[in-house]
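Fold and contact review
Residue-level listing of the chains:
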Amino acid sequence: MKNNNISLVLYGLLLLGLIAAPFLGAYPVFVMKLMCFALFASAFNLLLGFTGLLSFGHAAFLGGSAYIAGEAMKAWGLTPELGLIAGTLTGALLGWVFGVLAIRRQGIYFAMITLALAQMVFFICLQAKFTGGEDGLQGVPRGKLFGVLDLQNDLTMYYVALVIVVIGFLLIVRTIHSPFGQVLKGIKENEPRALSLGYDVGRFKLLAFVISAALSGLAGSLKTLVLGFATLSDVHWTASGQVILMTLVGGLGTLSGPLVGSAVVVLLENKIGEFGHLLASLTSIEWFGTLGESVTMVTGLIFVICVLAFRRGVMGEIIALMSRRR
């Protein structure tokens, strides 16, 4: 009970920090982008961290839904809420297709099937006319939420995005702590035992895959609504690698880990240049000024350090340390 109270306090402080962030000098669009990736990583963690399924194809759900939601709002004239629903349903549908084809396999075979299917989605997005090819889908309007809230205002958009991400995260928490979530944990720990107890393991895995894909689709749709565009980078295989990195750095199988991991990775990608220039000015070492051109190298180095020194991820190690002290 004490641990639960501490967790609630920390999550409450995080929520208060996000509510106050625009008034503390944070750039709303950047924080919204970070929140979208946090939801994406949390959705992926539901599949890998709590079900034990390693997918290399989650970029298909993020990017595919981003394109459909953007096209729905731009060309079809749908309102923002309907565009987000369309994107989420697209993610769920893709997740069902991927799951039906891949769920019968395990380990590396499962991962490779999801990667192959995701690459098919990537080439479809590259060739389709409405996606804009390498230029991406541009000029997606934010519109008015329910015909009332004008999302052109960054502050209004920020709090709408915050509410959506919080609801998505709470859905993940509820799923994990439900009887369904306990079965998923049992499948991850000992699948033959779950089978012997009479559980339809394939059906549970498929449902977990669809839920994860749908929430990833919601993250991609929201990202398109916030930024006003969708690009091939969202559906490229590197986005799948990125979400794996976020989850592992933050802490696999922890609720808070993907939140921390996504913050670390996104901040590195966007602020490493500024940090490098600061180090260069403090140390007079000019090489630090080139860090902004070596984001992939720095990210890879941090990943290696985390794997070697923090096997459980940042939050996993903190939770383990608190448990030892207790």
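Residues numbered from 1 in each chain as written. Predicted model: local features only at pLDDT ≥ 70, side-chain atom pairs only at ≥ 80, totals over all residues. Heavy atoms only, no water.

1. Details of the nonpolar core
Test applied: Joining through side-chain atoms within 4.5 Å is the link that ties buried Ala, Val, Leu, Ile, Met, Phe, Trp, Tyr and Cys residues into a set, and such a set is a nonpolar core. The cut-offs for exposure are 20% and 50% of the maximum accessible area for each residue type, with area from a 1.4 Å probe on protein chains only; residues under the lower value are buried, those over the upper are exposed, and the others partly exposed. Only runs of H or I of at least four residues qualify as helices and only runs of E of at least two qualify as strands under DSSP, and these elements are numbered from the N terminus. Contacts were defined at the residue level, with two residues in contact if any of their heavy atoms lie within 4.5 Å.
By size, the foremost hydrophobic cluster in this structure holds 82 residues, and its most contacted members are Met32, Met35, Phe61, Phe98, Met157 and Leu222. In terms of residue count, the dominant contributor to this core is helix α2 (residues 28-51) (18 residues). Dropping the residues within four chain positions of it, methionine 32 is found in contact with Arg142, Asp154, Met157, Tyr158, Ala161 and Val226.

2. Comments concerning the packing of α2 against helix α3 (residues 58-74)
Keep this limit in mind: The axes are straight lines fitted to the C-alpha atoms, using for helices just the contacting stretch, and the angles between their N-to-C directions are given from 0 to 180°. Throughout, a crossing is termed right-handed when the near helix is turned clockwise from the far one, and left-handed when it is turned anticlockwise from it by less than a right angle. Gly is put with the polar residues, along with every residue not named as nonpolar or charged; the nonpolar set is Ala, Val, Leu, Ile, Met, Phe, Trp, Tyr, Cys and Pro, and the charged set is Asp, Glu, Lys and Arg.
Where α2 meets α3, the closest approach of the two axes is 11 Å, and the angle between their N-to-C directions is 145°. Of the two elements, α2 crosses α3, and the hand of that crossing is right-handed. Residue-level contacts link Phe40, Phe44 and Leu47 of α2 to His58, Ala59 and Leu62 of α3. Taken together, the residues of the contact of α2 with α3 break down into five nonpolar, one polar and no charged.

3. Notes on the confidence of the model for the protein chain
Inclusion rule: In predicted models, pLDDT denotes the confidence assigned by the predictor to each residue on a 0 to 100 scale.
The predicted model of the protein chain has a mean per-residue pLDDT of 86, with 95% of residues at 70 or higher. Between the elements of the protein chain, mean pLDDT differs from a low of 75, seen in helix α12 (residues 295-309), to a high of 94, seen in helix α4 (residues 80-102).

4. Focus on α2
Selection criterion: Helix span is expected to be 1.5 Å times the residue number reduced by one. Here the bend at a residue is taken as the angle between two axes, fitted respectively to the seven residues that end there and the seven that start there.
Spanning 24 residues, α2 covers 34 Å between terminal C-alpha atoms, matching the ideal 34 Å at 1.5 Å per step. The largest bend in α2 comes to about 35°, at asparagine 45. Where burial is concerned, most of α2 is hidden: 23 out of the 24 residues are buried. At the exit of α2 stands glycine 52, carrying a positive phi of roughly 80°.

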